[in-house]
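The lines below spell out each chain.
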Amino acid sequence: MSVLVLYVRLHDGRYHGEGDWPPSPARLFQALVAGAGLGGPIEQTDKAALEWLEKRNPPFVLTPPARRAERGVLFYMPNNDTDAIGGDPTKMAKIRTATKVFRPYFFDPTTPFVYAWSLAGEPSDEDHAHQICSLAERLYQLGRGVDMAWAWGEVLDDRALDELFEKYPGPLFRPSAGKTKTTLACPCLGSLESLVRRYEAFGKRFRYEREGKSVRVVFRKPPRPRFEPVPYNSPPSRQLYELRSATEEGSFAPWPLVRTSTLVVQLRDAAVERLKSALPKNTKDIELALVGRKPDGTNDCPPEDRVRIIPLPSIGHVHADREIRRVLIEVPPTCPLRGNDVHWAFSGLAAVEMQTVLVRSDDDGFLRHYGLKEEEQYCVWRTVTPAALPQNAVRRRIAPTRKREEAKGGGERRMEIERAAAAVRQALRHAGVRTGAKGMRLQREPFESKGARVELFAGGTRFAKEQLWHVEIAFEAPVSGPLIIGDGRFLGLGVMAPVKRPVLDLSRY
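Residues numbered from 1 in each chain as written. Predicted model: local features only at pLDDT ≥ 70, side-chain atom pairs only at ≥ 80, totals over all residues. Heavy atoms only, no water.

**Concerning the overall build of the chain**
Right, on to step 1. Counting its secondary structure elements, the chain contains nine helices and 25 strands.
Right, on to step 2. A total of 509 residues make up the chain; the buried ones form 44% of that total.
Right, on to step 3. Nonlocal contacts in the chain, meaning residues at least 24 apart in sequence, comprise 76% of its contacts between residues at least 6 apart.
Right, on to step 4. Carbon and sulfur atoms form 49% of the exposed surface of the chain, whose accessible area is close to 27000 Å². (Helix = DSSP H or I, 4+ residues; strand = E, 2+ residues; numbered from the N terminus. Buried < 20%, exposed > 50% of the residue type's maximum accessible area, 1.4 Å probe, protein only. Contact = heavy atoms within 4.5 Å. Areas by Shrake-Rupley, 256 points an atom, 1.4 Å probe, with all protein chains shown as cover.)

As structure tokens, then:
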């Protein structure tokens, strides 16, 4: 699939716009319309391209790292009442009573803002997208009048867009659904027409009416433009469940740590069947959200839209046995299913083999062991269940009967570790972690005495034991949970927990 990408640079590395950060897609749309109208009425080809753009889904937005001024700058302006001073400009100070306070954002002017719209695949999409790229070159400001800018655009494929996301130094804002702290105005059907009406009404906002011998000035406020508020980066809907015995009321029914994938598959398949029975018309969305594919096995669902079943082994104490007593269900805001429907489907489910029932839990205190408190972030994280890495990170298998003959040398071991470390960095990007790793340890043995070697987790999965690694990562900046990495992150593998009091010896990384 192709993507229209627009880049905008602000000359001074400052943004004075009020009411939105990052600069909303609506501001960019207004700037494109302003640039298109510089030479007079908007040409038909430009109008068709802008009408096409307003029908697209909200874009992804990338913004440079920025800080906002702690103290604003106060500006004094005339209050547009020159009659009070007889039209004498030398007395302007007497009516300079209107004030505005500006608190701009500061950032590196060499890093552009990026807006990315997915194309629908229609034959005319490419033509309209290239016309928008041409319009971008006429853009001259973004935000207030002092925010002079220039822009350019290009059409990329999904792979090139992923590379752009990986290399970009600032945060990524994704359109989502539900409640969120970040809501941005986006163009929608009728946005261009509303801007044209506003422009025409702006030139007629003053009307003169005669009342006897005097003339009265009547002001009419231009109509507001039409834009749609879209939530960005909404938090997922989470529900914690406990594994309780179906026969002994009130007691936990712990599940073996090394069979975490079997537990996830059983719960997932049972939830799918329950949802299909209750919502037969939503079979396609149910398969996409929970399994990651349609019933016919085609069209994988984007990972960020899938429901995550996260088994949480018992940790937090040196004597904790690490068996699984709790499961967290996480429904992303962009999931095609409603969060309440998904949580209903998991409530009361049974894991067949051990007569275990999922019971909702309101005890969120346990989640702190996995960095799931909003105010808590950590720099060092370790896998509780091993991460499944791609084939290029597989260790060379040695037959048990030929351990001495096929023993690995130091150079080969080092190459295996380096390939695995590169795969971990890629897995972090796939998991949406943009913070860099300054150090890493990879091994087959667990980091805690009650853990298990990676080979024991391979049974019943599609992953070879040589793909599994226990990983410890030291990040350059604190990271919040949950943190789950690797190709098995939807099967309970790659679950990480923070090291709250790490004894850092960077020589070992």
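Moving on, there is more to tell.
**Some points on the sheet that holds strand β9 (residues 149–157)**
Right, on to step 1. Taken in spatial order, the five strands of this open sheet run β9-β1-β8-β3-β10, and their pairing is antiparallel. The open sheet is flanked by β9 and β10 (172–173), the only strands paired with a single partner.
Right, on to step 2. Across six bridges, the pairing between strand β1 (residues 2–10) and strand β8 (residues 113–118) is antiparallel. Opposite L6, over in β8, you have Y115 as the bridge partner.
Right, on to step 3. On top of the sheet, helix α4 (residues 158–167) reaches β1, β3 (60–62), β8, β9 and β10; it is set at about 130° to β9, its chief contact. (Pairing = 2+ DSSP bridges. Axes fitted to C-alpha atoms, helices over the stretch in contact; angles between N-to-C directions.)

**Digging into the pairing of strand β17 (residues 324–331)**
Strand residues, when the strand is regular, have side chains that alternate between the two faces of the sheet.
Right, on to step 1. Where burial is concerned, most of β17 is hidden: eight out of the eight residues are buried.
Right, on to step 2. By the bridge criterion, six bridges tie strand β15 (residues 237–245) to β17 in an arrangement that is antiparallel. For L240, the partnering residue across the bridge sits in β17 and is L328.
Right, on to step 3. Sheet analysis places strand β16 (residues 308–313) next to β17, joined by six bridges and oriented antiparallel. In the sheet register, I309 faces β17, and the bridge partner there is I329.

**Re the nonpolar core**
Right, on to step 1. Core analysis: the biggest nonpolar cluster contains 40 residues, and L4, V8, L28, L32, L50 and I132 have the highest contact counts within it.
Right, on to step 2. At seven residues, the largest contribution of residues to this core is made by helix α1 (residues 25–36).
Right, on to step 3. Dropping the residues within four chain positions of it, L50 is found in contact with F29, L32, V33, A36, I132, L135 and L192.
Right, on to step 4. Formed by 26 residues, the second largest nonpolar core is a distinct cluster that contains Y241, L243, A271 and V331. (Core = buried A, V, L, I, M, F, W, Y, C linked by side-chain atoms within 4.5 Å.)

**A short note on unusual backbone geometry**
Right, on to step 1. A cis amide bond links W21 to the next residue, P22, at an omega of 5°.
Right, on to step 2. Among the secondary structure elements, P22 is positioned in the loop between β2 (14–15) and α1.
Right, on to step 3. A cis amide bond links G481 to the next residue, P482, at an omega of 0°.
Right, on to step 4. Structurally, P482 can be placed in the loop between β23 (468–479) and β24 (483–484).
Right, on to step 5. The phi dihedral of R322 is positive, around 65°, even though this residue is not glycine.
Right, on to step 6. Note on placement: R322 falls in the loop between β16 and β17.
Right, on to step 7. Judged by its relative accessible area of 12%, R322 falls in the buried class.

**Looking at α4**
Right, on to step 1. Within the sequence span of α4, burial applies to L161, L164 and F165. Projected down its long axis, α4 carries its buried residues within an arc of 100°, all on one side. Away from its buried face by more than 90 degrees, α4 exposes R159 and K167.
Right, on to step 2. Next to the buried residues of α4 lie β1, β3, β8, β9 and β10. (Arc of directions from axis to C-beta.)

**Notes on the packing of aromatic side chains**
Two numbers describe a pair of aromatic rings. These are the distance of the centres and the angle of the planes.
Right, on to step 1. Applying the stated rule across the entire model yields 11 aromatic pairs.
Right, on to step 2. Each ring, one from Y7 and one from W152, has its centre 5.2 Å from the other, and the planes form 10°; the classification is stacked. Of the two residues, Y7 sits in strand β1 while W152 sits in strand β9, which places them 145 residues apart along the sequence.
Right, on to step 3. Residue classification places Y7 among the buried positions, given a relative accessible area of 8%.
Right, on to step 4. Residue classification places W152 among the partly exposed residues on the basis of a relative accessible area of 29%.
Right, on to step 5. Each ring, one from F60 and one from F165, has its centre 5.9 Å from the other, and the planes form 65°; the classification is edge-to-face. One end of the pair, F60, is in strand β3; the other, F165, is in helix α4, and 105 residues separate them in sequence.
Right, on to step 6. By relative accessible area, which is 10% here, F165 ends up buried. (Phe/Tyr/Trp six-rings, centres within 6.5 Å; stacked < 30°, edge-to-face > 60°.)

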